[in-house]
Amino acid sequence: MNRDVIICRCEDVTYGEIVDAIDAGLTTTEEIKRILRCGMGPCQGRTCSRLIARIIAEKTGAKAPDVPYPAVRPPTRPVEIGTLEEPGAVRIETLTGTGDEE
Amino acid sequence: MRIREHPILDFQKGPLVEFEHDGRKLEGHEGESIAAALHAAGVRVLRHSIRLNRPRGFFCAIGRCSSCLMTVDGVPNVMTCVTALKAGMRVETQTGKGTIPDVRFTEAPSDPDYPRDLGSVPLAIVGAGPAGLSAAVAAGRLGVECVVLDENPVPGGQLIKQTHMFFGSKEHHARVRGIDIGEILLKEIEDLPVSVMTGTTVLGLYPGKVLALLRNGRLHRLTADSVILATGASENMLAFPNGDLPGIYGAGAVQTLMNVDGVAPGKRVLMVGAGNIGLIVSYQLLQAGVEVAAVVEGLPEIGGYHVHAAKVRRAGVPVMTSHTLLHAVGTDRVEGAIISEIDGDWRPIEGTEIKLEVDTICLAVGLTPNCELASQLGCDEAYVAELGGRVAIHDTDLETTVPGVYVAGDASGIEEASTAMLEGRLAGLSAAAKLLTRPDADELTRLRIEVEEGLRALRAGPFGEHPRAGKQKMVELARSCGGDQ
């Protein structure tokens, strides 16, 4: 495949970069994610994990079903930081160091 | 391009309102997605990618892929495919990761109208599509109180875009259009102890069956005794040169755009994939007045029902098997596609390339079950190719390896809406059997046999071969995990 083909759209990771990473010895989706960031963008790997698993399988001779996907953690969707504010309990000022510090 | 006349659909649109796009005044219908309003106005490029500065449009149209992020009213990274248009909105093409706007942190006052903890419920159902709603009907009829959670503004899941009539027998809603089935299911739950919470995203599923919910921008906690995951599926992406150009959409996105928003995806479309979805969406495109240049299918035979293929062929659309999409042509948007014949090993045959003049490429290359919540909770998973990929291992009650957590519909393996409805009922019955203190065993057995017979009937025949094999593998996997004793 053409090296310039985009595999991870969120983080703009190309086929060539993934193949190079595999050649350098990174043979799991988790390792490739940590080095290249594919799967760390806002879609959390929903678009690319399957493609990357298949590329790993092709390059290493493993069967695609045997290539594990990266761990899934909450939240399932990107959320705004303000969502985490808790009325009456969390004062965001203290986080910036300008509010009451008790 | 708005669809003015449609043989089946009558689009109910909000009032026309003005909004701003990169300083330019545009008009759109209030309540439709920002991405749909922009598409109708001819805008295809929504952002430029973060590292390589490539133009991007939307791809999935259901808030999954994040290809559509824009800056709205100064806030970056807004998913415009699922954000409703409001009058006066300031929408900007986003470049890179966006800039955090100036914000002033103020003390959050206590808010008695904001119950963070929503308490507990016997049964929480995630997803108000065919499987989730059917689960609610089955459990609700037995007197189990349940809450159905769905991130979309309206319930119905993907049914709300299905204009075709369903196959199967009458009791499985055959000859009824998908768009009407959702309504029927909602009617059925009206008198039951079921509440449907739309606009509610389940962000996390934690041990103890604690669900983190996002609703109107606020977090809530809900605890359930049992959980049914009816979270559906995501569309598969295909890797090919220029595969990220604006104008390349998943089949579900095309359906959303034309059957929900009433916006034509383009003038001339190349369909990739001749499974049922590819064929049905091709026909729906023709109904919406859009030309379909060709349907290409890598396999030597079409994957969908021949009835659907025949309808498309009769309309003059070539359905080309053993053909693949080599690459998309265009700089800022799709201007064409190069297809070619392939040999038995999926290698392009030199000299068979054809350039098609198309402005849209629709990918109907399969679906992957959504099993993030099951993964988060630690349910055992397995890759079962016949079910579309990785799924939570489940026994014949549809219970995962975490007791009291069930999967149903596409989330438990890709099939059709008719099977999703029956699986939903099965999961609802299984959950109810455990939740009820004094269940009527005979009634439960009768209901269960009815559902199992229905599933057997729907999975019979050549098109049921994959799910049948997949579900059989699942039974064995569940046994080896200690389930289904």
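As a reminder, the structure under discussion sits directly above these lines.
**Some remarks on the overall build of chain A**
Line of reasoning, step 1. Helices and strands together make up the secondary structure of chain A, namely 4 helices and 2 strands.
Line of reasoning, step 2. A burial count over chain A gives 43% of its 102 residues as buried.
Line of reasoning, step 3. Across chain A, every contact between residues at least 6 apart in sequence was considered, and the portion connecting residues at least 24 apart equals 46%.
Line of reasoning, step 4. For chain A, the exposed area adds up to about 5400 Å²; of that, 50% sits on carbon and sulfur atoms.

**A look at the packing of aromatic side chains**
Residue and element names in this part refer to chain B.
Line of reasoning, step 1. According to the stated counting rule, one finds 1 aromatic pair over all chains in the structure shown.
Line of reasoning, step 2. Here the aromatic rings of Phe58 and Tyr249 are separated by 4.7 Å at their centres, their planes lie at 15°, and the arrangement is stacked. Of this pair, Phe58 sits in the loop between strand S4 (55–56) and strand S5 (69–72) while Tyr249 sits in strand S16 (residues 248–250), and the two are 191 residues apart along the sequence.
Line of reasoning, step 3. For Phe58, a relative accessible area of 5% gives the class buried.
Line of reasoning, step 4. Among the residues examined, Tyr249 registers a relative accessible area of 2% and is labelled buried.
Line of reasoning, step 5. Taking NZ or CZ as reference, Lys311 lies 4.3 Å from the ring centre of Tyr283, over its face.

**Here we look at the sheet that holds strand S21 (residues 336–341) of chain B**
Residues and elements named next belong to chain B.
Line of reasoning, step 1. One open sheet accounts for 3 strands, arranged S20-S21-S22; its pairing is antiparallel. Among the strands making up the open sheet, the edge pair consists of strand S20 (323–329) and strand S22 (354–356). On average, each strand axis in the sheet is inclined to that of its neighbour by 30°, with strand direction left out of account.
Line of reasoning, step 2. Across 6 bridges, S20 lies against S21 in antiparallel orientation. When the bridges of S21 are listed, Leu325 appears paired with Ile339.

**Considering the packing of helix H2 (residues 130–141) of chain B against helix H3 (residues 178–189) of chain B**
Residue and element names in this part refer to chain B.
Line of reasoning, step 1. Running from N to C, H2 and H3 point in directions that differ by 25°, and their axes come no closer than 9 Å. Judged by the angle between their axes, H2 and H3 are roughly parallel. Relative to H3, the crossing made by H2 is left-handed. Taking contact as the criterion, the partners of Pro130, Leu133, Ser134, Ala136, Val137 and Arg141 in H2 are, on H3, Gly182, Leu185, Leu186, Glu188 and Ile189.
Line of reasoning, step 2. Taken together, the residues that form the contact of H2 with H3 break down as 7 nonpolar, 2 polar and 2 charged.

**Structural notes on the pattern of salt bridges**
Line of reasoning, step 1. With the rule as written, the count across this model stands at 30 salt bridges over all chains.
Line of reasoning, step 2. Taking the shortest distance from any N to any O, the salt bridge between Asp345 of chain B and Arg347 of chain B comes out at 3.3 Å.
Line of reasoning, step 3. By relative accessible area, which is 49% here, Arg347 of chain B ends up partly exposed.
Line of reasoning, step 4. The closest approach of N and O atoms between Glu386 of chain B and Lys473 of chain B, which form a salt bridge, is 3.0 Å. With Glu386 of chain B in the loop between strand S25 (381–384) and strand S26 (389–392) and Lys473 of chain B in helix H10 (residues 465–480), this residue pair connects regions lying 87 residues apart in the sequence.
Line of reasoning, step 5. When salt bridges with common partners are traced through the structure, they connect Asp12 of chain A together with Arg54, Arg56 and Asp244 of chain B into a single cluster.

Rules used in this analysis
Residues numbered from 1 in each chain as written. Chains lettered and ligands numbered in written order. Predicted model: local features only at pLDDT ≥ 70, side-chain atom pairs only at ≥ 80, totals over all residues. Heavy atoms only, no water. Helix = DSSP H or I, 4+ residues; strand = E, 2+ residues; numbered from the N terminus. Buried < 20%, exposed > 50% of the residue type's maximum accessible area, 1.4 Å probe, protein only. Contact = heavy atoms within 4.5 Å. Areas by Shrake-Rupley, 256 points an atom, 1.4 Å probe, with all protein chains shown as cover. Phe/Tyr/Trp six-rings, centres within 6.5 Å; stacked < 30°, edge-to-face > 60°. Lys NZ or Arg CZ within 6 Å of the ring centre and 35° of its normal. Pairing = 2+ DSSP bridges. Axes fitted to C-alpha atoms, helices over the stretch in contact; angles between N-to-C directions. Parallel < 35°, antiparallel > 145°, perpendicular 65-115°, else oblique. Left-handed = near helix turned anticlockwise from the far one by under 90°. Nonpolar A, V, L, I, M, F, W, Y, C, P; charged D, E, K, R; others polar. Salt bridge = Lys/Arg side-chain N within 4 Å of Asp/Glu carboxyl O.

Fair warning: the whole summary comes from geometry, so function is off the table for now.
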